[in-house]
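Structural description and commentary
So you can see what is in the structure, the chains are spelled out below.
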Amino acid sequence: MNMTPQSVLALCRERDIKAVDMRFMDFPGIWQHFTIPINKLDEEVFEEGLGFDGSSIRGWQAINESDMLLLPQADTAFVDPFTEIPTLCLICNVQDPITREDYTRDPRNVARKAVNYLKSTGVADTCFIGPEAEFFIFDDVRFDQTPNSGYFYLDSEEGQWNRGKDYTSVGKTNLGYKLRHKEGYFPVPPADALMDIRNEMMITMIECGLDVEAQHHEVATAGQSEIDLRFAELVKMGDNMCLYKYIIKNVAKRYNKTVTFMPKPLYGDNGSGMHTHISLWKGGQPLFAGNNYAGLSEMGLFAIGGLLKHAPAILAFTNPTTNSYKRLVPGYEAPVNLAYSQRNRSASCRIPMYSPSPKAKRVEFRCPDPSANPYLAFATVMMAALDGIQNKIHPGEPLDKDIYDLAPEELAEVPKTPGSLGEALDALAKDHEFLLRGDVFTEDVIHTWISYKRKNEVDAMALRPHPYEFCLYYDM
(Lines give C-alpha, C1' and ligand atoms only; values in the text may rest on other atoms or scores of the structure.)
Protein backbone atom coordinates (compact mmCIF):
# COMPACT_ATOMS: atom_id res chain seq x y z
CA MET A 1 0.00 0.00 0.00
CA ASN A 2 1.36 3.44 -0.95
CA MET A 3 1.22 5.71 2.06
CA THR A 4 -0.06 9.27 1.72
CA PRO A 5 0.45 12.16 4.17
CA GLN A 6 -3.06 11.51 5.44
CA SER A 7 -2.45 7.80 5.99
CA VAL A 8 0.89 8.56 7.69
CA LEU A 9 -0.88 10.85 10.15
CA ALA A 10 -3.54 8.18 10.70
CA LEU A 11 -0.80 5.60 11.39
CA CYS A 12 0.74 7.96 13.93
CA ARG A 13 -2.56 8.18 15.78
CA GLU A 14 -3.13 4.44 15.56
CA ARG A 15 0.33 3.57 16.91
CA ASP A 16 0.43 6.43 19.45
CA ILE A 17 3.59 7.81 17.82
CA LYS A 18 5.39 10.41 19.96
CA ALA A 19 8.32 11.39 17.72
CA VAL A 20 9.06 11.55 13.99
CA ASP A 21 12.58 10.87 12.71
CA MET A 22 13.65 12.50 9.45
CA ARG A 23 16.24 10.38 7.57
CA PHE A 24 18.46 11.35 4.65
CA MET A 25 21.71 10.15 3.09
CA ASP A 26 24.98 12.04 3.19
CA PHE A 27 27.30 12.07 0.17
CA PRO A 28 29.61 9.14 1.09
CA GLY A 29 26.69 6.94 2.17
CA ILE A 30 25.83 7.18 5.89
CA TRP A 31 22.22 7.68 6.99
CA GLN A 32 21.65 10.96 8.88
CA HIS A 33 18.66 12.09 10.93
CA PHE A 34 16.98 14.56 13.22
CA THR A 35 13.77 14.16 15.20
CA ILE A 36 10.68 16.32 15.72
CA PRO A 37 7.81 15.86 18.20
CA ILE A 38 4.68 14.36 16.71
CA ASN A 39 2.72 17.59 17.11
CA LYS A 40 5.02 19.26 14.57
CA LEU A 41 4.09 16.81 11.81
CA ASP A 42 1.14 17.87 9.67
CA GLU A 43 0.21 17.69 5.99
CA GLU A 44 1.98 20.99 5.32
CA VAL A 45 5.34 19.53 6.33
CA PHE A 46 5.13 17.07 3.44
CA GLU A 47 4.74 20.01 1.03
CA GLU A 48 6.82 22.75 2.62
CA GLY A 49 9.54 20.65 4.23
CA LEU A 50 11.70 21.30 7.28
CA GLY A 51 14.76 23.52 7.26
CA PHE A 52 18.17 22.34 8.45
CA ASP A 53 21.84 23.32 8.27
CA GLY A 54 23.60 21.27 5.61
CA SER A 55 27.06 22.80 6.05
CA SER A 56 28.35 19.98 8.26
CA ILE A 57 27.08 17.14 6.07
CA ARG A 58 30.02 15.41 4.40
CA GLY A 59 30.49 16.44 0.76
CA TRP A 60 27.71 19.05 0.84
CA GLN A 61 27.53 22.83 0.65
CA ALA A 62 29.93 25.41 2.04
CA ILE A 63 28.93 27.41 5.10
CA ASN A 64 27.66 30.32 2.96
CA GLU A 65 25.08 28.11 1.20
CA SER A 66 24.11 25.86 4.07
CA ASP A 67 20.34 26.34 4.44
CA MET A 68 18.46 23.33 3.08
CA LEU A 69 15.04 21.68 3.20
CA LEU A 70 14.07 18.09 3.94
CA LEU A 71 10.91 16.89 2.20
CA PRO A 72 9.60 13.74 3.94
CA GLN A 73 8.28 11.08 1.56
CA ALA A 74 5.09 9.53 2.89
CA ASP A 75 5.52 6.21 1.09
CA THR A 76 8.77 5.53 2.98
CA ALA A 77 7.22 5.57 6.47
CA PHE A 78 8.05 2.84 8.99
CA VAL A 79 7.89 2.54 12.76
CA ASP A 80 11.36 2.36 14.29
CA PRO A 81 11.78 -1.06 15.96
CA PHE A 82 14.61 0.10 18.27
CA THR A 83 13.50 3.29 20.02
CA GLU A 84 11.95 3.17 23.50
CA ILE A 85 9.56 6.01 22.63
CA PRO A 86 7.21 5.15 19.71
CA THR A 87 8.92 6.77 16.72
CA LEU A 88 7.96 6.99 13.06
CA CYS A 89 10.73 7.29 10.47
CA LEU A 90 10.42 9.07 7.13
CA ILE A 91 13.04 9.10 4.36
CA CYS A 92 13.43 12.57 2.88
CA ASN A 93 14.44 14.29 -0.32
CA VAL A 94 16.67 17.36 -0.07
CA GLN A 95 15.83 20.70 -1.70
CA ASP A 96 17.30 24.17 -2.03
CA PRO A 97 15.05 26.43 0.11
CA ILE A 98 15.27 29.36 -2.32
CA THR A 99 14.79 27.70 -5.71
CA ARG A 100 12.91 24.66 -4.35
CA GLU A 101 14.94 22.55 -6.76
CA ASP A 102 16.07 19.09 -5.71
CA TYR A 103 19.64 19.24 -4.43
CA THR A 104 22.03 17.76 -6.98
CA ARG A 105 24.38 16.25 -4.35
CA ASP A 106 21.53 14.42 -2.60
CA PRO A 107 22.27 10.75 -3.46
CA ARG A 108 18.58 9.85 -3.45
CA ASN A 109 17.95 12.60 -5.98
CA VAL A 110 20.63 11.11 -8.26
CA ALA A 111 18.85 7.75 -8.12
CA ARG A 112 15.47 9.37 -8.83
CA LYS A 113 16.89 11.23 -11.82
CA ALA A 114 18.42 8.00 -13.16
CA VAL A 115 15.01 6.31 -13.19
CA ASN A 116 13.37 9.35 -14.80
CA TYR A 117 16.04 9.40 -17.49
CA LEU A 118 15.53 5.70 -18.17
CA LYS A 119 11.83 6.31 -18.74
CA SER A 120 12.54 9.32 -20.98
CA THR A 121 14.69 7.21 -23.34
CA GLY A 122 11.84 4.83 -24.10
CA VAL A 123 14.19 1.88 -23.66
CA ALA A 124 12.47 0.71 -20.46
CA ASP A 125 10.19 2.03 -17.75
CA THR A 126 11.54 0.07 -14.77
CA CYS A 127 14.96 -0.91 -13.47
CA PHE A 128 14.94 -3.69 -10.91
CA ILE A 129 17.92 -4.06 -8.57
CA GLY A 130 18.68 -7.04 -6.35
CA PRO A 131 21.77 -6.68 -4.12
CA GLU A 132 23.36 -9.50 -2.10
CA ALA A 133 25.10 -7.64 0.70
CA GLU A 134 27.53 -9.51 2.97
CA PHE A 135 28.77 -8.37 6.38
CA PHE A 136 30.68 -9.51 9.45
CA ILE A 137 29.27 -9.84 12.98
CA PHE A 138 32.05 -9.42 15.54
CA ASP A 139 32.10 -9.65 19.34
CA ASP A 140 34.78 -7.02 19.84
CA VAL A 141 36.42 -4.32 17.76
CA ARG A 142 39.19 -1.90 18.70
CA PHE A 143 41.20 0.35 16.44
CA ASP A 144 43.18 3.57 16.55
CA GLN A 145 45.63 5.65 14.56
CA THR A 146 47.83 8.26 16.17
CA PRO A 147 51.04 9.96 14.98
CA ASN A 148 53.09 7.26 16.72
CA SER A 149 50.83 4.19 16.71
CA GLY A 150 48.24 2.35 14.68
CA TYR A 151 46.39 -0.93 15.10
CA PHE A 152 43.12 -2.80 14.81
CA TYR A 153 41.81 -5.78 16.75
CA LEU A 154 38.76 -7.88 15.88
CA ASP A 155 37.34 -10.90 17.67
CA SER A 156 34.52 -13.40 17.20
CA GLU A 157 33.43 -16.47 19.12
CA GLU A 158 33.43 -18.29 15.77
CA GLY A 159 36.93 -17.21 14.81
CA GLN A 160 39.37 -20.00 13.96
CA TRP A 161 42.04 -18.23 16.01
CA ASN A 162 40.01 -18.92 19.20
CA ARG A 163 40.34 -22.72 19.07
CA GLY A 164 42.83 -22.64 21.93
CA LYS A 165 41.43 -19.69 23.91
CA ASP A 166 40.98 -20.13 27.69
CA TYR A 167 37.63 -18.67 28.74
CA THR A 168 37.79 -19.67 32.42
CA SER A 169 38.66 -16.14 33.54
CA VAL A 170 35.23 -14.97 32.33
CA GLY A 171 33.37 -17.99 33.69
CA LYS A 172 32.99 -19.79 30.37
CA THR A 173 34.45 -22.84 28.68
CA ASN A 174 35.74 -23.26 25.15
CA LEU A 175 33.39 -25.64 23.34
CA GLY A 176 35.33 -25.77 20.09
CA TYR A 177 33.13 -25.60 16.98
CA LYS A 178 35.22 -22.82 15.47
CA LEU A 179 34.78 -22.21 11.76
CA ARG A 180 37.89 -22.86 9.72
CA HIS A 181 38.90 -20.22 7.18
CA LYS A 182 36.71 -20.36 4.05
CA GLU A 183 34.43 -23.05 5.58
CA GLY A 184 31.54 -20.91 6.80
CA TYR A 185 29.18 -21.85 3.94
CA PHE A 186 26.79 -23.37 5.40
CA PRO A 187 27.42 -25.50 8.53
CA VAL A 188 24.49 -25.77 10.96
CA PRO A 189 24.67 -24.71 14.63
CA PRO A 190 26.57 -24.98 16.91
CA ALA A 191 29.36 -24.23 14.40
CA ASP A 192 27.12 -21.44 13.06
CA ALA A 193 26.80 -19.50 16.31
CA LEU A 194 24.75 -16.64 14.84
CA MET A 195 21.55 -18.34 13.68
CA ASP A 196 19.31 -16.61 16.23
CA ILE A 197 20.79 -13.18 15.59
CA ARG A 198 20.34 -13.43 11.83
CA ASN A 199 16.78 -14.71 12.31
CA GLU A 200 15.98 -11.69 14.49
CA MET A 201 17.50 -9.43 11.85
CA MET A 202 15.37 -11.13 9.20
CA ILE A 203 12.12 -10.94 11.20
CA THR A 204 12.75 -7.30 12.11
CA MET A 205 13.27 -6.48 8.44
CA ILE A 206 9.98 -8.17 7.54
CA GLU A 207 8.16 -6.26 10.29
CA CYS A 208 9.55 -3.02 8.81
CA GLY A 209 8.24 -3.91 5.36
CA LEU A 210 11.30 -5.41 3.68
CA ASP A 211 10.84 -8.49 1.48
CA VAL A 212 13.48 -10.96 2.70
CA GLU A 213 14.30 -14.06 0.67
CA ALA A 214 16.86 -15.83 2.89
CA GLN A 215 19.52 -15.45 5.56
CA HIS A 216 22.65 -17.56 5.92
CA HIS A 217 26.23 -17.74 7.09
CA GLU A 218 28.82 -16.79 4.49
CA VAL A 219 32.15 -18.34 3.54
CA ALA A 220 34.51 -16.66 5.98
CA THR A 221 35.14 -17.55 9.61
CA ALA A 222 34.26 -15.08 12.39
CA GLY A 223 30.64 -14.28 11.65
CA GLN A 224 30.48 -13.47 7.96
CA SER A 225 26.78 -13.38 7.02
CA GLU A 226 24.33 -12.53 4.29
CA ILE A 227 20.65 -11.61 4.25
CA ASP A 228 19.09 -11.38 0.79
CA LEU A 229 16.29 -9.00 -0.16
CA ARG A 230 13.94 -9.62 -3.07
CA PHE A 231 14.64 -7.31 -6.00
CA ALA A 232 12.88 -3.94 -6.09
CA GLU A 233 12.70 -0.80 -8.22
CA LEU A 234 15.97 1.16 -8.12
CA VAL A 235 15.07 4.03 -5.79
CA LYS A 236 13.09 1.74 -3.51
CA MET A 237 16.06 -0.61 -3.24
CA GLY A 238 18.27 2.33 -2.28
CA ASP A 239 15.82 3.08 0.54
CA ASN A 240 15.68 -0.60 1.46
CA MET A 241 19.45 -0.89 1.77
CA CYS A 242 19.56 2.06 4.16
CA LEU A 243 16.97 0.35 6.37
CA TYR A 244 18.73 -3.01 5.91
CA LYS A 245 22.00 -1.70 7.34
CA TYR A 246 20.20 0.13 10.15
CA ILE A 247 18.39 -3.01 11.26
CA ILE A 248 21.43 -5.28 11.05
CA LYS A 249 23.63 -2.96 13.10
CA ASN A 250 21.01 -2.34 15.78
CA VAL A 251 19.94 -5.97 16.19
CA ALA A 252 23.62 -6.86 16.61
CA LYS A 253 23.90 -4.15 19.27
CA ARG A 254 21.02 -5.79 21.19
CA TYR A 255 23.22 -8.88 21.44
CA ASN A 256 26.25 -6.79 22.44
CA LYS A 257 27.84 -7.50 19.08
CA THR A 258 29.03 -5.23 16.30
CA VAL A 259 28.61 -5.34 12.53
CA THR A 260 30.84 -4.02 9.76
CA PHE A 261 30.15 -3.69 6.05
CA MET A 262 33.84 -3.14 5.35
CA PRO A 263 34.72 -5.23 2.29
CA LYS A 264 37.89 -6.75 3.76
CA PRO A 265 38.18 -6.62 7.55
CA LEU A 266 40.09 -9.93 7.86
CA TYR A 267 43.36 -11.00 6.29
CA GLY A 268 43.44 -14.51 4.82
CA ASP A 269 39.71 -15.07 4.36
CA ASN A 270 36.91 -13.99 2.05
CA GLY A 271 35.88 -10.38 1.90
CA SER A 272 32.32 -9.04 1.79
CA GLY A 273 30.79 -8.24 -1.58
CA MET A 274 27.43 -6.94 -2.74
CA HIS A 275 26.72 -8.81 -5.97
CA THR A 276 24.15 -6.60 -7.69
CA HIS A 277 21.50 -8.04 -10.00
CA ILE A 278 19.97 -5.73 -12.60
CA SER A 279 17.15 -6.15 -15.11
CA LEU A 280 15.16 -3.72 -17.24
CA TRP A 281 11.43 -4.05 -17.88
CA LYS A 282 8.85 -2.27 -20.02
CA GLY A 283 5.10 -2.56 -19.81
CA GLY A 284 5.45 -5.35 -17.27
CA GLN A 285 7.65 -7.43 -19.57
CA PRO A 286 11.30 -8.40 -18.94
CA LEU A 287 13.69 -7.07 -21.58
CA PHE A 288 16.81 -9.13 -20.83
CA ALA A 289 15.28 -12.53 -21.74
CA GLY A 290 15.87 -13.94 -25.22
CA ASN A 291 17.53 -16.60 -27.33
CA ASN A 292 21.16 -15.52 -27.19
CA TYR A 293 23.93 -16.72 -24.86
CA ALA A 294 22.61 -17.92 -21.47
CA GLY A 295 19.05 -17.05 -22.50
CA LEU A 296 19.78 -13.36 -22.85
CA SER A 297 18.24 -10.96 -25.34
CA GLU A 298 20.40 -8.77 -27.54
CA MET A 299 19.54 -5.93 -25.16
CA GLY A 300 20.82 -7.98 -22.23
CA LEU A 301 24.12 -8.58 -24.02
CA PHE A 302 24.46 -4.88 -24.85
CA ALA A 303 23.81 -4.05 -21.17
CA ILE A 304 26.73 -6.29 -20.25
CA GLY A 305 28.80 -4.52 -22.89
CA GLY A 306 28.12 -1.20 -21.17
CA LEU A 307 28.99 -2.58 -17.76
CA LEU A 308 32.27 -4.03 -18.98
CA LYS A 309 33.26 -0.92 -20.93
CA HIS A 310 32.63 1.44 -18.03
CA ALA A 311 33.54 -0.91 -15.15
CA PRO A 312 36.74 0.91 -14.09
CA ALA A 313 34.74 4.13 -13.68
CA ILE A 314 31.72 2.38 -12.16
CA LEU A 315 33.92 0.99 -9.39
CA ALA A 316 34.63 4.51 -8.12
CA PHE A 317 31.02 4.40 -6.87
CA THR A 318 30.35 0.68 -6.35
CA ASN A 319 33.69 -0.01 -4.61
CA PRO A 320 34.35 3.40 -3.08
CA THR A 321 36.86 2.68 -0.30
CA THR A 322 40.57 1.95 -0.20
CA ASN A 323 39.63 -1.25 1.64
CA SER A 324 37.47 -2.32 -1.34
CA TYR A 325 40.55 -3.19 -3.36
CA LYS A 326 41.89 -5.59 -0.75
CA ARG A 327 38.91 -7.77 -1.76
CA LEU A 328 39.36 -7.32 -5.51
CA VAL A 329 42.67 -9.16 -5.87
CA PRO A 330 43.58 -11.34 -8.88
CA GLY A 331 44.21 -15.03 -8.22
CA TYR A 332 41.25 -15.54 -5.89
CA GLU A 333 37.51 -16.02 -6.56
CA ALA A 334 37.10 -12.24 -6.46
CA PRO A 335 35.37 -10.93 -9.61
CA VAL A 336 38.36 -9.05 -11.03
CA ASN A 337 38.03 -10.19 -14.65
CA LEU A 338 36.13 -7.76 -16.85
CA ALA A 339 34.32 -10.48 -18.74
CA TYR A 340 30.96 -12.24 -18.61
CA SER A 341 29.92 -15.84 -18.03
CA GLN A 342 26.97 -18.01 -17.04
CA ARG A 343 29.16 -20.03 -14.70
CA ASN A 344 32.49 -18.36 -13.87
CA ARG A 345 32.25 -16.49 -10.59
CA SER A 346 35.57 -14.72 -11.13
CA ALA A 347 33.98 -12.89 -14.10
CA SER A 348 32.61 -9.47 -13.19
CA CYS A 349 29.30 -10.14 -14.96
CA ARG A 350 27.46 -13.41 -14.44
CA ILE A 351 24.13 -14.57 -15.85
CA PRO A 352 22.34 -16.62 -13.16
CA MET A 353 20.84 -19.84 -14.51
CA TYR A 354 18.75 -20.97 -11.53
CA SER A 355 15.42 -20.48 -13.29
CA PRO A 356 14.29 -20.81 -16.94
CA SER A 357 11.60 -18.16 -16.42
CA PRO A 358 12.05 -15.03 -18.59
CA LYS A 359 11.07 -12.95 -15.56
CA ALA A 360 14.11 -14.29 -13.69
CA LYS A 361 16.57 -13.29 -16.44
CA ARG A 362 18.96 -10.66 -15.21
CA VAL A 363 22.63 -9.72 -15.15
CA GLU A 364 24.63 -10.07 -11.95
CA PHE A 365 27.39 -7.46 -11.62
CA ARG A 366 29.66 -9.06 -9.05
CA CYS A 367 32.19 -6.30 -8.36
CA PRO A 368 30.26 -4.03 -5.94
CA ASP A 369 30.69 -4.21 -2.19
CA PRO A 370 28.46 -3.05 0.70
CA SER A 371 30.56 0.01 1.57
CA ALA A 372 28.90 1.70 -1.42
CA ASN A 373 26.33 4.46 -1.19
CA PRO A 374 23.41 2.40 -2.58
CA TYR A 375 21.70 5.26 -4.42
CA LEU A 376 24.86 6.28 -6.28
CA ALA A 377 26.03 2.70 -6.88
CA PHE A 378 22.73 1.47 -8.33
CA ALA A 379 22.32 4.60 -10.47
CA THR A 380 25.84 4.18 -11.89
CA VAL A 381 25.29 0.51 -12.73
CA MET A 382 22.01 1.30 -14.48
CA MET A 383 23.48 4.21 -16.45
CA ALA A 384 26.36 2.03 -17.68
CA ALA A 385 24.00 -0.77 -18.75
CA LEU A 386 21.76 1.77 -20.49
CA ASP A 387 24.75 3.25 -22.34
CA GLY A 388 25.61 -0.22 -23.60
CA ILE A 389 22.06 -0.64 -24.91
CA GLN A 390 21.88 2.81 -26.52
CA ASN A 391 25.24 2.39 -28.26
CA LYS A 392 24.90 -1.34 -29.01
CA ILE A 393 28.13 -2.22 -27.21
CA HIS A 394 28.68 -5.96 -27.67
CA PRO A 395 30.55 -7.60 -24.78
CA GLY A 396 32.60 -9.97 -26.98
CA GLU A 397 32.95 -13.66 -26.22
CA PRO A 398 32.06 -15.09 -22.77
CA LEU A 399 34.68 -16.36 -20.34
CA ASP A 400 33.39 -19.86 -19.60
CA LYS A 401 36.76 -21.53 -19.08
CA ASP A 402 38.13 -22.20 -15.60
CA ILE A 403 40.15 -19.09 -14.92
CA TYR A 404 42.80 -21.15 -13.16
CA ASP A 405 43.31 -23.31 -16.27
CA LEU A 406 44.00 -20.38 -18.59
CA ALA A 407 47.51 -19.98 -19.94
CA PRO A 408 49.25 -16.85 -18.59
CA GLU A 409 49.23 -15.20 -22.03
CA GLU A 410 45.49 -15.93 -22.41
CA LEU A 411 44.70 -14.62 -18.95
CA ALA A 412 46.71 -11.47 -19.64
CA GLU A 413 44.29 -10.61 -22.45
CA VAL A 414 41.34 -10.46 -20.04
CA PRO A 415 40.95 -6.88 -18.73
CA LYS A 416 41.02 -6.49 -14.95
CA THR A 417 39.30 -4.23 -12.45
CA PRO A 418 41.30 -1.29 -11.06
CA GLY A 419 43.87 -2.22 -8.45
CA SER A 420 43.13 0.67 -6.11
CA LEU A 421 40.59 3.38 -5.33
CA GLY A 422 42.97 5.90 -6.87
CA GLU A 423 42.92 4.00 -10.17
CA ALA A 424 39.12 3.83 -10.11
CA LEU A 425 38.90 7.58 -9.49
CA ASP A 426 41.30 8.19 -12.39
CA ALA A 427 39.02 6.08 -14.59
CA LEU A 428 35.95 8.05 -13.46
CA ALA A 429 37.69 11.34 -14.22
CA LYS A 430 38.29 10.15 -17.80
CA ASP A 431 35.01 8.28 -18.34
CA HIS A 432 31.86 9.86 -16.93
CA GLU A 433 30.01 11.31 -19.92
CA PHE A 434 27.55 8.40 -19.73
CA LEU A 435 26.63 9.50 -16.20
CA LEU A 436 25.86 13.09 -17.22
CA ARG A 437 23.05 12.21 -19.59
CA GLY A 438 19.67 13.43 -18.43
CA ASP A 439 21.50 15.51 -15.81
CA VAL A 440 21.49 12.36 -13.63
CA PHE A 441 24.95 13.07 -12.30
CA THR A 442 26.47 16.52 -12.80
CA GLU A 443 30.04 17.65 -13.35
CA ASP A 444 29.86 19.09 -9.83
CA VAL A 445 28.81 15.75 -8.34
CA ILE A 446 31.55 13.86 -10.20
CA HIS A 447 34.23 16.43 -9.29
CA THR A 448 33.11 16.57 -5.65
CA TRP A 449 33.12 12.77 -5.35
CA ILE A 450 36.62 12.48 -6.82
CA SER A 451 38.10 15.31 -4.75
CA TYR A 452 36.44 14.14 -1.52
CA LYS A 453 37.65 10.57 -1.98
CA ARG A 454 41.18 11.60 -2.93
CA LYS A 455 41.67 14.01 -0.04
CA ASN A 456 39.91 12.13 2.74
CA GLU A 457 40.69 8.52 1.83
CA VAL A 458 43.33 7.91 -0.87
CA ASP A 459 45.78 10.60 0.28
CA ALA A 460 44.95 10.04 3.98
CA MET A 461 45.88 6.36 3.65
CA ALA A 462 49.02 7.09 1.61
CA LEU A 463 50.37 9.42 4.30
CA ARG A 464 50.12 6.99 7.21
CA PRO A 465 52.48 4.13 8.06
CA HIS A 466 50.83 0.70 8.00
CA PRO A 467 51.46 -1.73 10.88
CA TYR A 468 52.64 -4.42 8.47
CA GLU A 469 55.31 -2.07 7.12
CA PHE A 470 57.03 -2.44 10.49
CA CYS A 471 57.04 -6.22 10.02
CA LEU A 472 58.63 -5.76 6.62
CA TYR A 473 61.03 -2.88 7.09
CA TYR A 474 61.79 -2.04 10.73
CA ASP A 475 65.10 -3.90 10.70
CA MET A 476 66.24 -2.70 7.30
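Once that is clear, we can look at the pairing of strand β9 (residues 149–155). Alignment of strand β8 (residues 140–146) against β9, held across 7 bridges, turns out to be antiparallel. Bridge pairing links Arg142 to Tyr153 in β9. Linkage of β8 to β9, two consecutive antiparallel strands, is achieved through a turn of 2 residues.

Note the cis peptide between Tyr185 and Phe186, where omega equals -5 degrees. The linkage connecting Pro189 with the following residue, Pro190, adopts the cis geometry, with an omega of 10 degrees. Residue position: Pro190 is located in the loop between β9 and α4 (195–207). Phi at Arg100 takes a positive value of approximately 60 degrees, unusual for a residue other than glycine. Of note, the phi angle at Lys392 is positive, near 50 degrees, even though the residue is not glycine. Tracing the chain through its elements places Lys392 in the loop between α7 (374–390) and α8 (408–412).

Let us now look at helix α1 (residues 5–14). For the α-helix, the turn length of 3.6 residues means that residues three or four positions removed from each other point alike. Within the span of α1, buried status applies to Val8, Leu9, Leu11 and Cys12. What you see down the axis of α1 is that its buried residues fit within an arc of 155 degrees, all on one side. Every exposed residue of α1 that faces more than 90 degrees away from the buried side is listed here: Arg13 and Glu14. Close packing links the buried residues of α1 with α2 (43–48) and β6 (87–95).

Our focus in this paragraph is the packing of α4 against helix α5 (residues 234–254). Interaxial distance between α4 and α5 falls to 9 Å at its minimum, and their mutual angle equals 135 degrees. Taken together, the axes of α4 and α5 lie oblique to each other. Once α4 is placed against α5, the crossing between them reads as right-handed. In this structure, α4 contributes Ile197, Glu200, Met201, Thr204 and Met205 to the contact, and α5 contributes Tyr244, Ile247, Ile248, Val251, Ala252 and Arg254. When its residues are assigned to classes, the contact of α4 with α5 shows 8 nonpolar, 1 polar and 2 charged.

The rules we used
- Residues numbered from 1 in each chain as written.
- Predicted model: local features only at pLDDT ≥ 70, side-chain atom pairs only at ≥ 80, totals over all residues.
- Heavy atoms only, no water.
- Pairing = 2+ DSSP bridges.
- Helix = DSSP H or I, 4+ residues; strand = E, 2+ residues; numbered from the N terminus.
- Buried < 20%, exposed > 50% of the residue type's maximum accessible area, 1.4 Å probe, protein only.
- Arc of directions from axis to C-beta.
- Contact = heavy atoms within 4.5 Å.
- Axes fitted to C-alpha atoms, helices over the stretch in contact; angles between N-to-C directions.
- Parallel < 35°, antiparallel > 145°, perpendicular 65-115°, else oblique.
- Left-handed = near helix turned anticlockwise from the far one by under 90°.
- Nonpolar A, V, L, I, M, F, W, Y, C, P; charged D, E, K, R; others polar.

So yeah, pure geometry; function would need other evidence.
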